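Breakdown of the fold
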Number of protein chains: 2
Amino acid sequence: MPPLLVLDPARTLVPSPQATGSAATLDIIVGLFILLLAAKVGEEVFRRLRQPGVIGELIGGLLVGPHALGIVFPGETATILSEIGVVILLFAVGLEIKTDELLQVGRPAVVTAVLGVAFPIAAGAAYALVAGEPPATAAFVGLALAATSIGITSRVLAQMGVLDRRFSRIIVGAAVIDDVLALILIGIVSGLAEGDLGVATLGLVVGALGFVVLGFVVARRARGLRREVFTWPLFTDTPLVLAFLLMLGLAILAAYIGLAAIIGAFVAGLIVAETEAQDEIEHEIKPLASIFTPFFFAVTGAQLDLAALADPKLAVAALVLAALGIATKVLAGVIGARGTGRWSALAVGVGMAPRGEVGIVVVTLGVSLGLLTPSLFSAVLVAVILTTVAAPLLLSLVIPRAAAEAEPTGPGSTGPAIPAG
Amino acid sequence: MPPLLVLDPARTLVPSPQATGSAATLDIIVGLFILLLAAKVGEEVFRRLRQPGVIGELIGGLLVGPHALGIVFPGETATILSEIGVVILLFAVGLEIKTDELLQVGRPAVVTAVLGVAFPIAAGAAYALVAGEPPATAAFVGLALAATSIGITSRVLAQMGVLDRRFSRIIVGAAVIDDVLALILIGIVSGLAEGDLGVATLGLVVGALGFVVLGFVVARRARGLRREVFTWPLFTDTPLVLAFLLMLGLAILAAYIGLAAIIGAFVAGLIVAETEAQDEIEHEIKPLASIFTPFFFAVTGAQLDLAALADPKLAVAALVLAALGIATKVLAGVIGARGTGRWSALAVGVGMAPRGEVGIVVVTLGVSLGLLTPSLFSAVLVAVILTTVAAPLLLSLVIPRAAAEAEPTGPGSTGPAIPAG
């Protein structure tokens, strides 16, 4: 890891004898402090300008990150905090959703998801084939545009107070289905590229479907489970710790299966949402979310290298792919959710646009399989990040109109509030 | 970093294409999950046996750590989470203390601190001189036994509900003074060892004293500051985020000066405790503490290598040093806090006994200065950890008696509760 900061030359004379950690530890904590501060200052500036706060967090991270001021080089710990941050974010989203509400949006969510995977793959692959790439490479360019990462969308929906609207449910449901579909396709393409398509891929498909279906069934059966399910241990007078372990455990399980970790966290949220501890855990997860989640956006922002766009060929490829990526998801939403109203359907499409860390992982995988050249890698990576950064801006334009035409499907929380422990 | 876990061989066949991070990231998160789980299971077992929960957390970490089962090798991120955990812990302690209450215990705290630094240095150095070590080495052995780390004591005091007792205030006050004294002495000895005792050491002394005094003055002036001081930004509807930044900022500042980071966090807690946001922040820091703090104890436990005690010479040296370390602190407490009652004075002494991470850092510094040989390093390190592990056990014996004889100095929290945002 590169050094972060040397603020005080005297430190090297008398090497922090009593500091509760080594100088490296201190440097890392300083880096985290600066990332959090930058994210929060960025959010504040953007909110004062009446723009989405998430963009401010992204730009805060970009500014202090390696591609701009170079004050902070997010390393292992920042990455892990960012990962736990987005896991907590999706857990909190799941916490606000009842499985009943997901079932109600089943049909539009499935159609949006299927089209939202098919269209970007077709468009991305077509573009790559036209640019003269071989079919396997073209397939991977398409795949990189297929998987939705709803971390950023969730935050925008939550901040605008529309998580209980029908279009929000469709986005969340479609994103889960979308992730399962994309996982299966990536497994198949990877298997074909490695000449090994068989038991492993089949296991992947069964595992991914099994996990989501089983999680859903467990959530249905968890309805009305008493608060004591989370408070029986002596060590805790609040249900948070067990819920946190459940969240992290399911996130890890999902990742082992090959799904995005955030899918596991979302399923954990769905399960807890049906129990009587929902209100209390929703209240207690907020302080954790307020500290962890900004790292996700700041670290994502810090990965954006705008200098790469100085190469005109690369810039054109990235912009075309980003435009295709957004347009195809919007089209999928407009068709899939057409029954919900014009602006709502548009909101669904735009909400599915960000590829985020899922797209980044697919791109990285494509390079490791030898399917993407370095220049194509940069173009697709920039395109993936552009879809992520553009989405909150587009959402802030579309959501107010969608909210005006849409009816809420139900109250955000259910049952009487349980007094805090 | 060594690999953490390979649970599923299929993962290497299909390389987690959609996981929201690389395989390394996943392994680290699995390690963190196991550490947290082990700490909580350990705490639960110990609580059911009516023993202090912290010991269970330490032993949970020890069991899954590199010196026992070898499932988890705490790396960068676990270390940082553990560090932030103890910072949050001391911030929470500061949050429950008013500066008025610290002033009331000024005299016994100062006497306990001064004696609690002088006695261990004298005893440790005498032992090392008798064992034939040169004076500079002997001085460092003494110093390693001097500095108190009250992370563990704070947790035990909080768990037993006696943080508002007079003896608890004395422990906390004495630990702060003790840390400043030990810092100054370590600066002087390091300077002498490097043949450079002058401006840097003087700067250290002035900086350390200035930080603690200034923090105290700021806390006095913060009295009655309105909640809006922490809620003016648009990004937050709770005062937590700004308070967290203040905490982390002062912890970093303290570490740059050369003080323990936890002293800075404690001062931040003192400041916030005087404001009107105290109640709300105390409420919101708890979920963060419940997730972060167990890492501190689990990581500390994971460092304990009981196999080192198989060498009889080392075992004797470690046990003698640990016994000297505890006895001298107890003596300091019994003399310094003698006006508070017999058991209370004993509780003060025992509460000052853990050296924790502060002692470990001093030992590491001694090696880097060439003053401690590897075998002496191991002996002192084991002694430092033994004082840390023994303290909660001793406290659980002494505190009930001290609580029975002591009068609380005042209510734990002040003023009307502010309704949560």
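Source: prediction; values computed, not measured.

Right, let's get into the confidence of the model for chain A. Residue and element names in this part refer to chain A. Mean pLDDT over chain A: 81, with 86% of residues reaching 70 or higher. For the stretch residues 1-21, pLDDT sits under 50, and the model shows 60 contacts to residues farther than four places along the chain or on other chains. Confidence over residues 408-421 falls short of pLDDT 50; this stretch has 24 contacts with residues more than four positions distant or in other chains. Confidence metrics for the complex model read pTM 0.79 and ipTM 0.79.

Inspection of the entire model under this criterion finds three aromatic pairs over all chains. A ring pair is formed by Phe292(A) and Phe292(B), whose centres lie 5.4 Å apart and whose planes are at 10°; its orientation type is stacked. Of this pair, Phe292(A) sits in helix α14 (residues 278-302) while Phe292(B) sits in helix α14 (residues 278-302), on two different chains. On the accessibility criterion, Phe292(B) (4% relative accessible area) is buried. Both rings, one in Phe296(A) and one in Phe297(A), keep their centres 5.0 Å apart while their planes meet at 70°; by these two values the pair is edge-to-face. Residue classification places Phe296(A) among the buried positions, given a relative accessible area of 4%. Taking the ring centre of Trp343(A) as reference, the NZ or CZ of Arg401(A) above it sits at 5.1 Å.

This brings us to a nonpolar patch on the surface. Residues Leu37(A), Val41(A), Val45(A) and Leu49(A) make up a contiguous nonpolar surface patch of about 330 Å² in total accessible area. As for its position among the elements, Val41(A) is in helix α2 (residues 23-48).

So, about the side chain of Thr340(B). All names here are of chain B. As for its position among the elements, Thr-340 is in the loop between α15 (312-336) and α16 (342-351). Classification of Thr-340 as buried rests on a relative accessible area of 15%. Contact partners of Thr-340, with chain neighbours within four places excluded, come to Arg-166, Ile-170, Ala-345 and Glu-405.

Rules used throughout
Residues numbered from 1 in each chain as written. Chains lettered and ligands numbered in written order. Predicted model: local features only at pLDDT ≥ 70, side-chain atom pairs only at ≥ 80, totals over all residues. Heavy atoms only, no water. pLDDT = per-residue confidence, 0-100. Contact = heavy atoms within 4.5 Å. Phe/Tyr/Trp six-rings, centres within 6.5 Å; stacked < 30°, edge-to-face > 60°. Helix = DSSP H or I, 4+ residues; strand = E, 2+ residues; numbered from the N terminus. Buried < 20%, exposed > 50% of the residue type's maximum accessible area, 1.4 Å probe, protein only. Lys NZ or Arg CZ within 6 Å of the ring centre and 35° of its normal. Patch = residues over 30% accessible without salt bridge, like charges linked within 9 Å, V, L, I, M, F, W, Y side chains within 5 Å. Areas by Shrake-Rupley, 256 points an atom, 1.4 Å probe, with all protein chains shown as cover. Salt bridge = Lys/Arg side-chain N within 4 Å of Asp/Glu carboxyl O.

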